[in-house]
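One letter stands for each residue in the lines below.
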Amino acid sequence: MSVKAMMATILENQLALRGVHSLTPSDYEEIVEHLLEQLRELELSLAAREFDGRQEPK
């Protein structure tokens with residue numbers, strides 16, 4: 001099982017515990033994919049900030 005599939009299952013289980021039963025398995029997969037993309041973008045943004053902070057002023 002892939003990490004995305006495991007995350008989708010966890011998301012499905014957590015939302016079911018909170019009374020959400022109207023999403024399809026593909027909905028959970030899309031949500032996880034979107035979350036992972038947002039995390040990648042955040043990671044890149046933070047790395048760029050860190051890199052900019054390390055550069056010597058010209």
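Here is what the cut-offs are and how they apply
- Residues numbered from 1 in each chain as written.
- Predicted model: local features only at pLDDT ≥ 70, side-chain atom pairs only at ≥ 80, totals over all residues.
- Heavy atoms only, no water.
- Helix = DSSP H or I, 4+ residues; strand = E, 2+ residues; numbered from the N terminus.
- Expected span 1.5 Å × (residues − 1).
- Buried < 20%, exposed > 50% of the residue type's maximum accessible area, 1.4 Å probe, protein only.
- Contact = heavy atoms within 4.5 Å.
- Core = buried A, V, L, I, M, F, W, Y, C linked by side-chain atoms within 4.5 Å.
- Axes fitted to C-alpha atoms, helices over the stretch in contact; angles between N-to-C directions.
- Parallel < 35°, antiparallel > 145°, perpendicular 65-115°, else oblique.
- Left-handed = near helix turned anticlockwise from the far one by under 90°.
- Salt bridge = Lys/Arg side-chain N within 4 Å of Asp/Glu carboxyl O.

(A) Inspection of helix 2 (residues 25-54) at higher detail. Given a rise of 1.5 Å per residue, 30 residues ought to cover 44 Å, and the 44 Å separating the end C-alpha atoms of helix 2 matches this to within 8%. Buried residues of helix 2: Tyr28, Val32 and Leu36, and no others. On its buried side, helix 2 packs onto helix 1 (3-17).

(B) Summary view of the nonpolar core. Of all hydrophobic cores here, the largest spans five residues; its members are Ala8, Leu11, Tyr28, Val32 and Leu36. Looking at this core, the elements that each hand over two or more residues are helix 1 and helix 2. Broken down by element, the residue count for this core peaks at three residues, all from helix 2. Those residues in contact with Leu36 that lie beyond four places of it in its chain are Lys4 and Met7.

(C) Structural detail: the packing of helix 1 against helix 2. Orientation of helix 1 relative to helix 2, taken along the N-to-C sense of each, is 115 degrees, at an axis distance of 9 Å. When the axes of helix 1 and helix 2 are compared, the pair comes out roughly perpendicular. Crossing of helix 1 over helix 2 shows right-handed handedness. Residue-level inspection shows Lys4, Met7, Ala8, Leu11, Glu12 and Leu15 of helix 1 in contact with helix 2, the latter providing Tyr28, Glu29, Ile31, Val32, Glu33 and Leu36.

(D) Main features of the pattern of salt bridges. One pass over the structure, following the stated rule, counts four salt bridges. With a shortest N-O distance of 3.2 Å, Glu33 and Arg40 are connected by a salt bridge. With relative accessibility at 30%, the residue Glu33 sits in the partly exposed group. Relative accessible area serves as the criterion here: at 37%, Arg40 is assigned to the partly exposed category. Notably, a salt bridge pairs Glu37 with Arg40, separated by 3.1 Å at the nearest N-O pair.

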